Amino acid sequence: MKKHQTTLRVRYAETDQMGVVYYGNYAQYLEIARVEWMRSHGVSYKKMELDGVMLPVVNLTINYKKPAVYDEVLTVHTSLKQLPSVKITFLHEIFNEKNELLNTAEVTLVFVDMKTNKPMKCPDFLLEKFKS
């Protein structure tokens, strides 16, 4: 499946006193990349939610290899592990400006019907866009 790249610059507020990105901020970087991956497939999170579908995170695993630092430009590579069913799993790799691998991550979300608040299968209109 298609890989997408998202770039972002580490802001001062995202770092600790050593100028290193605080570990919890990586979840936000992954969310930015995930939303951009979906947008690159013609899917808007906002429209999806207006259509009654939400995607809460049910699992997040990050393997830290090297720290990101203040003012560094990061590139997040995002792809799907497999076509979704009730769950969708994204694979991420974050690289620094020197193209060094900083971390890898796997994020699993579940499709939830906003009316019933229960898990549901990936809607066909989304599945078709993910296949393209």
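Scroll up for the structure.
First, a word on what this report is: a plain description of the structure on this page. (Residues numbered from 1 in each chain as written. Predicted model: local features only at pLDDT ≥ 70, side-chain atom pairs only at ≥ 80, totals over all residues. Heavy atoms only, no water.)

### What to know about the overall build of the protein chain
Thought 1: When helices and strands are counted, the protein chain shows three helices and eight strands.
Thought 2: For the protein chain, the α and β elements follow one another from N to C terminus as β-α-α-β-β-β-β-β-β-β-α.
Thought 3: Relative to a compact globule of 132 residues, whose C-alpha radius of gyration would be 14 Å, the protein chain shows 16 Å and is just as compact.
Thought 4: Overall, the protein chain is about 45 × 30 × 25 Å in size when its C-alpha atoms are taken along their principal axes.
Thought 5: Taking all 132 residues of the protein chain together, the buried fraction comes to 42%.
Thought 6: Put simply, of all contacts in the protein chain between residues at least 6 apart along the chain, 66% involve residues at least 24 apart. (Helix = DSSP H or I, 4+ residues; strand = E, 2+ residues; numbered from the N terminus. Rg over C-alpha atoms; globule rule 2.2 N^0.38 Å. Buried < 20%, exposed > 50% of the residue type's maximum accessible area, 1.4 Å probe, protein only. Contact = heavy atoms within 4.5 Å.)

### Quick notes on the nonpolar core
Thought 1: One finds Met38, Leu55, Leu74, Ile88, Phe111 and Phe130 to be the most contacted residues of the largest nonpolar core, which totals 32 residues.
Thought 2: Every element with two or more residues in this core is listed here: α1 (26–40), α2 (45–50), β4 (73–80), β5 (87–95), β6 (101–110) and α3 (124–131).
Thought 3: At seven residues, the largest contribution of residues to this core is made by α1. (Core = buried A, V, L, I, M, F, W, Y, C linked by side-chain atoms within 4.5 Å.)

### As for the sheet that holds strand β8 (residues 118–119)
Thought 1: The three strands lie next to each other as β2-β7-β8, forming an open sheet whose pairing is antiparallel. Both edges of this open sheet fall to β2 (53–54) and β8, since each of them pairs with a single strand only.
Thought 2: One ladder, built from two bridges, connects β2 with strand β7 (residues 112–113); its direction is antiparallel. Within β7, the position partnered with Met54 by the bridge is Val112. (Pairing = 2+ DSSP bridges.)

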